[in-house]
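# Structure at a glance
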Amino acid sequence: LLQDAHNSSVLNNDVLGAFLQSRHVARLSRPVKIQFWHDKVLDTSNATCVFWQPGAGAGSTGSWSREGCKTTHREGTVICHCDHLSYFAVLLLPAGTLSPAQLASLTHISTIGCSLSAAAILCTLLLCCFSSTPCPPPSCRQRLRDNTTRIHMHLLAALLLLNCSFLLSTPLATGAEGLCQVTAALLHASLLCALAWMAAEAFHLLLLLVKVYNVYIQHYLLKLCLFAWGLPTLAVAAAFVFKGDTYGYHTISTSEGYRNATIVPSARCWLTSPPAHYTTLCYAGLILLFNMLVLGRVAMILRRIQRQKGQARKDWATVLGLTCLLGTTWGLAFFRFGTFLIPQVYLFTILNSLQGLFICLWYATVHRRSKQGSVSNTSR
């Protein structure tokens, strides 16, 4: 009883029950006043008066709800004004928890952004695979040997898998547990692979701009594939086989509790293990740190050669845009604190859900520019 599977963080573990014998009391004109004393620093954003709402079905125990209760704060005291009698408590929520309206808007933004990115990536991959543009045999062979284009295609494939698995993670959260676990593992693997291919892009960029001459890596693309596809997939498969409870239903908390789950999608298939979550953050942090170091190095090189070449600005904008799209926007995940939480979440959602679309537009622009350059050289 009174054990909420979603969030059972109750202030001082104090629960107060008030009832009248053989009578249900609700919708009082003068609310009941309940006081909870504490020695913590609390405010309305992370301490809310709630009551226990029993579950409707036989297998449902119930959950905490704030309906009909208002919360006020005094020094060392949380005062609850509720228009009914029940079990009462003060539920502690993480500071800056999203409201149901914010969660709904973020859900719509991510769904639209990931759908646009998936469609753009799929079109780009199909055009690259089934392009009917004729070219002389030497030119075709040169394009096949172009590792830069191949790395771009691998990154787009990883992002396509990431977007599709993310879009499936919410609707499948209401289905069978086994299917949800598989979807969560697929989402985790695609995220790790996408981040790994971002690191591969940064590494390849570093080779192109810093180590231009006398660099030969045998089976270069194969080694990148083993790093970016093989290692993340192997890690996720091992976690799924030996510790299946790592993946499952992940509930998103809101400032209104969990009673709006039917209106706002508050669960998806994702990681349920805190150690796996923190390990993923460390993995992403290391990749982002590497990408930022490469970005700084590239900026220094381009600044040095900017005075020598008239087109250095175009090259700088191209490389800087690619590196930013493949790394820096994910760094917003590490700025979730204080007043920056809500703007950061919206900015993170918009930029990263549309990342695939941005990369496709960038690739089309660069490809068109290089094609125009080749045609100009041929005419000369």
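Look up: the structure comes first, before these words.
Throughout what follows, the structure given in this document is the object of discussion. (Residues numbered from 1 in each chain as written. Predicted model: local features only at pLDDT ≥ 70, side-chain atom pairs only at ≥ 80, totals over all residues. Heavy atoms only, no water.)

To continue, consider the state of the cysteines. Throughout the structure, instances matching the rule amount to 3 disulfides. Each disulfide pairs two cysteine sulfurs, and for C49 the partner residue is C80, the sulfurs being separated by 1.9 Å. Note on the C49 and C80 pair: the S-S dihedral is about -80°, so by sign convention the disulfide is left-handed. Separated by 31 residues along the polypeptide, C49 in strand 3 (residues 47-54) and C80 in strand 6 (residues 77-82) bring together distant segments of the chain. An identical accessibility class is assigned to C49 and C80; each is buried. Put simply, C69 and C82 are joined by a disulfide, and their sulfur atoms are 2.1 Å apart. (Disulfide = S-S within 2.5 Å. Helix = DSSP H or I, 4+ residues; strand = E, 2+ residues; numbered from the N terminus. Buried < 20%, exposed > 50% of the residue type's maximum accessible area, 1.4 Å probe, protein only.)

This part covers the packing of helix 4 (residues 177-209) against helix 5 (residues 220-242). Between helix 4 and helix 5, the least distance of the axes is 9 Å, while the angle of their chain directions is 155°. Put simply, helix 4 runs roughly antiparallel to helix 5. Crossing geometry of helix 4 relative to helix 5 is assigned as right-handed. When its residues are assigned to classes, the contact of helix 4 with helix 5 shows 20 nonpolar, 4 polar and no charged. (Axes fitted to C-alpha atoms, helices over the stretch in contact; angles between N-to-C directions. Parallel < 35°, antiparallel > 145°, perpendicular 65-115°, else oblique. Left-handed = near helix turned anticlockwise from the far one by under 90°. Nonpolar A, V, L, I, M, F, W, Y, C, P; charged D, E, K, R; others polar.)

Right, let's talk about the sheet that holds strand 4 (residues 62-65) for a bit. With antiparallel pairing, the 4 strands of this open sheet are ordered in space as 1-7-3-4. The open sheet is flanked by strand 1 (16-17) and strand 4, the only strands paired with a single partner. Where strand 3 and strand 7 (residues 87-92) come together, 5 bridges link them in antiparallel fashion. Each bridged residue has a counterpart across the sheet, and for F51 the counterpart in strand 7 is F88. (Pairing = 2+ DSSP bridges.)

On to the sheet that holds strand 2 (residues 32-37). Spatial strand order, 2-6-5: 3 strands in an open sheet with antiparallel pairing. At either end of the open sheet lies a strand with only one pairing partner, and these are strand 2 and strand 5 (69-74). In this sheet, neighbouring strand axes are inclined to one another by 20° on average, regardless of whether the strands run parallel or antiparallel. With 6 bridges connecting them, strand 2 and strand 6 associate as antiparallel partners. Its bridge partner lying in strand 6, Q35 is registered against I79.

Here we take up the packing of aromatic side chains. This structure, assessed with the given rule, holds 6 aromatic pairs. Taken together, a centroid distance of 5.1 Å and an interplanar angle of 70° make the contact between F19 and Y87 edge-to-face. Here F19 is found in the loop between strand 1 and strand 2, whereas its partner Y87 is found in strand 7, with 68 residues between them in sequence. By relative accessible area, which is 30% here, Y87 ends up partly exposed. When the ring of W330 is compared with that of F348, the centres are 5.7 Å apart and the planes differ by 85°; the resulting orientation is edge-to-face. (Phe/Tyr/Trp six-rings, centres within 6.5 Å; stacked < 30°, edge-to-face > 60°.)

Turning our eyes to something else, we now look at unusual backbone geometry. Even without glycine at this site, R27 takes up a positive phi of about 55°. Locating R27 in the fold gives a position in the loop between strand 1 and strand 2. Notably, H219 is not glycine yet its phi reads approximately 50°, a positive angle. Residue position: H219 is located in the loop between helix 4 and helix 5. Look at H219 and you get exposed, because its relative accessible area is 52%.

Here the focus is the packing of helix 3 (residues 147-169) against helix 5. Direction vectors running N to C along helix 3 and helix 5 enclose 20°, while the axes themselves pass 11 Å from each other. With respect to their mutual orientation, helix 3 and helix 5 come out roughly parallel. Here helix 3 and helix 5 pass one another in a crossing that is right-handed. Seen from helix 3, the contacting residues are N147, R150, I151, H154, A157 and A158; seen from helix 5, they are Y220, L221, L224, C225 and W229. For the contact of helix 3 with helix 5, the residue count by class is 8 nonpolar, 2 polar and 1 charged. (Contact = heavy atoms within 4.5 Å.)

In summary, soluble globular proteins display a tendency toward joint burial of nonpolar side chains. Counting 50 residues, the largest nonpolar core has L159, W197 and M198 as its most contacted members. For this core, the secondary structure elements donating two or more residues are helix 1 (100-129), helix 3, helix 4, helix 5, strand 9 (267-271), helix 6 (274-305) and helix 9 (355-379). At 16 residues, helix 4 tops the list of elements feeding residues into this core. Every residue in contact with L159, bar those within four places of it in the chain, is listed here: I121, A194, M198, Q355, G356 and I359. (Core = buried A, V, L, I, M, F, W, Y, C linked by side-chain atoms within 4.5 Å.)

Here V10 is to be found in the segment before strand 1. Judged by its relative accessible area of 12%, V10 is buried. In this structure the C-alpha to C-alpha distance between V10 and L92, which are 82 residues apart in sequence, comes to 5.9 Å. Setting aside residues no more than four positions away along its own chain, V10 makes contact with V15, W64, A89, V90 and L91.

In this fold, H204 is placed in helix 4. A relative accessible area of 8% means that H204 is categorised as buried. Aside from chain neighbours lying at most four places away, what touches H204 is N147, T148, I151 and Y220.

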